[in-house]
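Working through the structure, step by step
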Number of protein chains: 2
Amino acid sequence: MSLAEFSLIERIRTRTRARADVVLGIGDDAALLQPRAGEQLVVTADTLNSGVHFPAETPPYDIGWKTLAVNLSDLASMGARPSWCVLALSLPDAETAWVDAFADGFFALADLHDIVLVGGDTTRGPLSLSVTAMGQVAAGTALRRDAAQVGDDIWVSGTLGDAAVALRAWQAGTLDVRSPAGDAQVDYLRQRLARPTPRVALGTALVGIARAAVDISDGLLADLGHICERSGVGAQIDPEQLPISAAARARIGLAHARDAALRGGDDYELCFTAAPAQRAALAELASRLALPLTRVGVIVAGNGVSTGSESTGPSGYEHFNEL
Amino acid sequence: MSLAEFSLIERIRTRTRARADVVLGIGDDAALLQPRAGEQLVVTADTLNSGVHFPAETPPYDIGWKTLAVNLSDLASMGARPSWCVLALSLPDAETAWVDAFADGFFALADLHDIVLVGGDTTRGPLSLSVTAMGQVAAGTALRRDAAQVGDDIWVSGTLGDAAVALRAWQAGTLDVRSPAGDAQVDYLRQRLARPTPRVALGTALVGIARAAVDISDGLLADLGHICERSGVGAQIDPEQLPISAAARARIGLAHARDAALRGGDDYELCFTAAPAQRAALAELASRLALPLTRVGVIVAGNGVSTGSESTGPSGYEHFNEL
């Protein structure tokens, strides 16, 4: 191990926090972890590649943040509390400043959610970041894609389409992913793309309230389509109910913003279904979390996602294929 | 998701077996797994990159095998029984025949050890394979690097240096990693490099017998050095006791073969320490597993690994840096 690579690993290792259930963290052949009695383990893995899953110009802080965020979002969509993660980091060169800034972003988000890095490795190669995140949930209570029932309301958190609007603006050269512009709306959109907020508190709070859930990484139509397929149901969406941010609307107009909300990926909001009897509980939850929850449609008999005027097949961002 | 990539994922998904403790496998946002009561979770992650961790010419079957083998070896060195794994696969193109052969090798080894693939993702990019493997072990019984005691015997399994000898022969153009040569010794060496055997049965059997353990991925001096560092002890190795295969000896002579056994990586044998009172139990275990276990030295007060004639600092293969 070269001194440079050793110190790179040390730089990451020293940033990890303690957790009572980490019996043995980084430094042995494997980590040794104590699962909670009566709980189930929730495991997800997502890889981000430079130029594919984020613009190559993205600052390392934001790459670190987003690398963990997309995995926390998957845990959130299952209703799991985050516990542990491992990181496989492929780097073209071991540049200290880059690694420090990456770690700043990664651990800022990790510490917010008390998820602890317990292992992984670094290799030299094109910039690529793979995280496996583990969470826990009381046995039998996880939110699954296959649990939607006909008559359920369809809900989404936050606003949709922002990341897609930001990505298009960046591709058009009218938004700089590297740094804030000082314009509140532009900066809001930039943050939605570069530093998404995984809805962990919402996901865990939905246990016992929601039936099926999914996170919106590939676009509402595509991800809600997964719920429909796995649950053997259809979905009817009312595009006029879609929550659109003022920034997205100002940027590209309402019609295009609605399209971005239906098809745009990378928002990492949750889409979930719940019985109509849960509306009051969900209103209370939205208020408590200070997070808009919007009813956008209903689960129906049949299959596929319809937007009223015409039936719309699953569609979304295609770079990202989960097994 | 393009049809090609969808079918690529399906090809992998259909190869996964059932396991009673996999509540929900591939197909949701995350897998849902039921840990055993009273056990601890053992988690390791290793990445293999083409041209770095294996010759680019390596057949896909062998790449699939080795990708899982290096992770199973880490579980074995902790004494854990393999349970579940996730795979992040970066591929330059989705060639069906390549993926099928890769899956043949990966699942041949997975099925041998009843480890089940529960998730992951595929991305387009330079060939790179990251596995996170999870195993389980009774609470408090895992084999750790930090448990060696002065006076312990030092043991290794199998023979050492074979993979390094094979790698050098391949680099010199005298061994073809792509296919067997029909020469028993050459083919033995090729298999040691391309299709290593993780010592899972040995690792689990060593629980209650061994004190400290590590797998030999970077070379005996380097990996035993980790035990010394973490346990606050030194090690005295007798090079004449090192187990050398007839093939390695025939290929490069005894002196060079001993050097390969000390410094060569990628053998994935286990190195462990045990009290002298365990010698009879270890002889019985070696016989039961039909796997040579060789006493090669002793744990002493001090630090670092000595080979008798001169003190030798940690040294080994440097491509692979675990966090």
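Quick caveat, the model's predicted, so the values are computed rather than measured.

1. So, the side chain of Asp21(A)
Turning to its location among the elements, Asp21(A) is positioned in the loop between α1 (3-13) and β1 (22-24). A polar side-chain atom of Asp21(A) sits 3.1 Å from a polar atom in the side chain of Trp84(A).

2. Side note on the relation of the copies chain B and chain A
With an RMSD of 0.0 Å, chain B superimposes on chain A once it is rotated by 180 degrees and translated 0.0 Å along the axis. Classification of the inter-copy transformation places it as that of a two-fold axis. Counting the interface residues of chain B, we find that 100% of their copies in chain A are interface residues as well, pointing to one common contact surface.

3. Observations concerning the environment of Gly64(B)
Residues and elements named next belong to chain B. With respect to the helices and strands, Gly-64 occurs in helix α2 (residues 60-77). Assessed through its relative accessible area of 0%, Gly-64 is described here as buried. Here the alpha-carbon distance between Gly-64 and Asp-100, two residues 36 residues apart in the chain, equals 9.8 Å. Ignoring any residue separated from it by four or fewer positions in sequence, one finds Gly-64 in contact with Phe-102, Gly-105 and Phe-106.

4. Describing the UniProt feature "binding site: Mg(2+) 5" (unreviewed entry) in chain A
The UniProt feature table records "binding site: Mg(2+) 5" (unreviewed entry) at Asp218(A). Mapped onto the fold, Asp218(A) is located in the loop between β8 (213-215) and α7 (220-231).

5. Considering the nonpolar core
If you look at the biggest cluster of nonpolar residues, it comprises 58 residues, and the most contacted ones within it are Leu68(B), Phe106(B), Leu206(B), Phe272(B) and Leu282(B). Discounting chain neighbours no more than four positions away, the residues touching Phe272(B) are Asp153(B), Ile154(B), Trp155(B), Leu202(B), Leu206(B), Ala210(B), Ala212(B), Ala213(B), Leu282(B) and Leu293(B). Leu68(A), Ala76(A), Leu109(A) and Val137(A) belong to the second largest nonpolar core, which has 42 residues in total.

6. Description of helix α2 (residues 60-77) of chain A
Residue and element names in this part refer to chain A. Taking 1.5 Å per residue as the helical rise, α2 with its 18 residues ought to reach 26 Å, and the 26 Å between its terminal C-alpha atoms agrees with that figure. A large share of α2 lies buried, amounting to 17 of its 18 residues. Looking one or two residues beyond α2, the residue adopting positive phi is Gly-79, at roughly 80 degrees.

7. As for the pairing of strand β11 (residues 293-300) of chain B
Residue and element names in this part refer to chain B. Taken together, the five bridges between strand β7 (residues 153-157) and β11 define a ladder with antiparallel strand orientation. Following the sheet pairing, Ser-157 is matched in β11 by Leu-293. Relative to β11, strand β9 (residues 234-237) runs antiparallel, the two being bridged by four bridges. In the sheet register, Ala-235 faces β11, and the bridge partner there is Ile-299.

8. Comments concerning the packing of aromatic side chains
Residues and elements named next belong to chain A. Considering all chains together, one arrives at eight aromatic pairs over all chains under this definition. An angle of 10 degrees between the planes, with centres 5.4 Å apart, marks the rings of Trp-98 and Phe-102 as stacked. With Trp-98 and Phe-102 both in helix α3 (residues 96-112), this residue pair falls four residues apart, about one helical turn. Residue Phe-102 is classed as buried on the basis of its relative accessible area, which comes to 1%. Pairwise contacts between aromatic rings join Trp-98, Phe-102, Phe-106 and Phe-107 into one cluster.

9. Thoughts on the confidence of the model for chain A
Parts of the prediction with low pLDDT should not have their coordinates interpreted in detail. Confidence in the prediction for chain A averages 91 pLDDT; 93% of positions are at 70 or higher. Throughout residues 311-323 of chain A the model reports pLDDT below 50, and contacts reaching past four residues in sequence, or to other chains, amount to 59 contacts.

10. Some remarks on the UniProt feature "domain: PurM-like C-terminal" (unreviewed entry) in chain A
What UniProt calls "domain: PurM-like C-terminal" (unreviewed entry) maps, in this numbering, to residues 149-305 of chain A. Along residues 149-305 of chain A, the helical share is 43% and the strand share 17%, with 14 Å between the first and last C-alpha atoms.

11. Focus: the domain arrangement of chain A
Residue and element names in this part refer to chain A. Annotation of chain A at the domain level lists domain 1 (3-138) and domain 2 (145-309). With centres defined by C-alpha atoms, the gap from domain 1 to domain 2 works out at 25 Å. On the domain 2 side, the residues contacting the 22 residues of domain 1 number 20 residues. Buried area between domain 1 and domain 2, summed over both chains or domains, comes out near 1800 Å², and the portion from carbon and sulfur atoms is 65%. Taken together, domain 1 and domain 2 are joined by three salt bridges. A salt bridge links Asp-266 to Lys-66; the nearest nitrogen and oxygen atoms lie 3.4 Å apart. Secondary-structure elements contributing two or more residues to the side of domain 1 that touches domain 2 are α2 and β4 (81-91). When residues in the side of domain 1 that touches domain 2 are grouped by element, the largest group, 11 residues, is from α2.

Criteria and cut-off values
- Residues numbered from 1 in each chain as written.
- Chains lettered and ligands numbered in written order.
- Predicted model: local features only at pLDDT ≥ 70, side-chain atom pairs only at ≥ 80, totals over all residues.
- Heavy atoms only, no water.
- Helix = DSSP H or I, 4+ residues; strand = E, 2+ residues; numbered from the N terminus.
- Polar contact = N/O pair within 3.5 Å; in protein donor to acceptor, adjacent residues only side chain to side chain.
- Least-squares fit on C-alpha atoms with pLDDT ≥ 70 in both.
- Contact = heavy atoms within 4.5 Å.
- Buried < 20%, exposed > 50% of the residue type's maximum accessible area, 1.4 Å probe, protein only.
- UniProt positions renumbered as here; feature names shortened; annotations may be inferred.
- Core = buried A, V, L, I, M, F, W, Y, C linked by side-chain atoms within 4.5 Å.
- Expected span 1.5 Å × (residues − 1).
- Pairing = 2+ DSSP bridges.
- Phe/Tyr/Trp six-rings, centres within 6.5 Å; stacked < 30°, edge-to-face > 60°.
- pLDDT = per-residue confidence, 0-100.
- Domains from an automatic or database assignment.
- Buried area = accessible area lost by both parts, 1.4 Å probe.
- Salt bridge = Lys/Arg side-chain N within 4 Å of Asp/Glu carboxyl O.

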